[in-house]
Amino acid sequence: MIPEDDIDKMPYLKAVLKETLRLHAPAALLLPRESTKDVKLLGYDIPSGTQVMINAWAIARDPSIWEEPEEFSPERFLNTPTDYRGLHFELIPFGAGRRGCPGTSFAIAIGEFALENLVYKFEFTSADEDSLDMTERDGMTVKRKYPIHVIATPCE
Ligand code: HEM
C-alpha cells in the first residue's frame, strides 16, 4: 500500500480526480436553493423567494470558463489554485456554501487513496478501446449509460 501521506507528492493524480469530477460529477444539479432577496443575474430578474436550481454540470463544461471543456485534460489543474471544495464556483461537484457536501474531505481522501493504490498495483487496459462511450444517463445521480470494461493485470 502507498502511505496516505504520499498523496501530497502526487499532483497529477490529484488533478486526474479533479478533472474526472469536473466532467463527470455524480450530481449534475445541486440541492435546490431559494433566493432571499431580489437579484439580477446575467440579465435575469430573480425575485426574492424563487426556487433556484444550480446546474453544476453545465458550469463545469461552460466554454466561457474552460478551455476545450469537453476534453479530459488533468493538466488544466496543474499549477492552478482551482479546487473543488466550494470556493471556486466554476468547479462545484460537491456544491458550496451551507448546504455543500459535508462528505467532501472524506470523499476526496478515499478517492485519492483508492486511485493511487489501484494504479500502483495494477496495469489497466481497455477491453474495448475502440468503443469507449462516455455517454451518461440521467437520474438522481449521474451514471454511465454503458459500462466500461477494463482488464486489470496485477503488477509484478
Ligand atoms: C464523490 C463523492 C461525493 C460527491 C460528488 C458529493 C456531492 C454532493 C453534492 C453536490 C451535494 C449537494 C451540495 C449542494 O447542493 O451544495 C452533496 C450533499 C451531501 N453529501 Fe455528498 N458527495 C459525495 C460524497 C459524500 C460522502 C462520502 C458523504 C458522507 C460521508 C456525503 C454526504 C452528503 C450529505 C449528508 C449531503 C447533504 C447536505 C445537506 O443537505 O446540507 N457525500 N453531496
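Residues numbered from 1 in each chain as written. Predicted model: local features only at pLDDT ≥ 70, side-chain atom pairs only at ≥ 80, totals over all residues. Heavy atoms only, no water.

It is worth spelling out the coordination of the iron atom of the ligand at this point. Where a metal carries four tetrahedral donors, each ideal angle is 109.5 degrees; where it carries six octahedral donors, the ideal angles are 90 or 180 degrees. No protein donor other than C101 (SG) coordinates the iron atom of the ligand, and that contact is at 2.3 Å. Structurally, C101 can be placed in the loop between α2 (56–59) and α3 (104–121). (Donors = N, O, S within 2.8 Å, 3.2 Å for Na, K, Ca; no water. Helix = DSSP H or I, 4+ residues; strand = E, 2+ residues; numbered from the N terminus.)

Turning our attention to helix α1 (residues 11–23). For α1, which comprises 13 residues, the first-to-last C-alpha distance of 18 Å matches the rise-based estimate of 18 Å (1.5 Å per residue) to within 8%. Listing the buried residues of α1 in full gives L13, A15, L17, K18, E19, L21, R22 and L23. Elements in contact with the buried residues of α1: α2, α3 and β6 (136–137). (Expected span 1.5 Å × (residues − 1). Buried < 20%, exposed > 50% of the residue type's maximum accessible area, 1.4 Å probe, protein only. Contact = heavy atoms within 4.5 Å.)

All right, on to the site of the ligand then. Looking at the ligand, there are 16 residues lining it, with L31, R33, P93, R99 and C101 nearest. Within the side chain of R33, one N or O atom sits 2.6 Å away from an oxygen atom of the ligand. Taking R99, its side chain carries an N or O atom lying 2.6 Å from an oxygen atom of the ligand. Its residues placed into classes, the shell around the ligand shows 11 nonpolar, three polar and two charged. (Near = heavy atom within 4 Å. Polar contact = N/O pair within 3.5 Å; in protein donor to acceptor, adjacent residues only side chain to side chain. Nonpolar A, V, L, I, M, F, W, Y, C, P; charged D, E, K, R; others polar.)

A few words on the confidence of the model for the protein. Low pLDDT marks stretches whose predicted atomic positions should not be read closely. Scored by pLDDT, the protein has a mean of 94; 100% of the residues are at 70 or more. Highest mean pLDDT in the protein belongs to α1 (97); lowest belongs to β6 (91). In the predicted assembly, ipTM is 0.97 and pTM is 0.92. (pLDDT = per-residue confidence, 0-100.)

With that settled, consider the nonpolar core. Counting residues in each nonpolar core, the largest one holds nine residues, listed as A15, L17, L21, W66, F77, Y84, L91, F94 and I108. Element by element, the count of residues in this core is highest for α1, at three residues. What L91 contacts, discounting residues up to four positions off in sequence, is K18, R22, W66, F77, T82, D83 and Y84. (Core = buried A, V, L, I, M, F, W, Y, C linked by side-chain atoms within 4.5 Å.)

Right, let's get into the packing of aromatic side chains. Tallied over the entire structure, the rule returns three aromatic pairs. Plain terms: the ring middles of W66 and F77 are 5.8 Å apart, the flat faces sit at 65 degrees to each other, and that makes the pair edge-to-face. Of this pair, W66 sits in the loop between α2 and α3 while F77 sits in the loop between α2 and α3; the two residues are 11 residues apart in sequence, bridging distant segments of the chain. A relative accessible area of 8% means that W66 is categorised as buried. Judged by relative accessible area, F77 falls into the buried class, the value being 5%. (Phe/Tyr/Trp six-rings, centres within 6.5 Å; stacked < 30°, edge-to-face > 60°.)

This part covers the side chain of T82. You can see T82 is positioned in the loop between α2 and α3. With relative accessibility at 12%, the residue T82 sits in the buried group. Here the side chain of T82 touches T80 through a polar contact of 2.9 Å, side chain to side chain. What T82 contacts, discounting residues up to four positions off in sequence, is K18, W66, F77, H88, E90 and L91.

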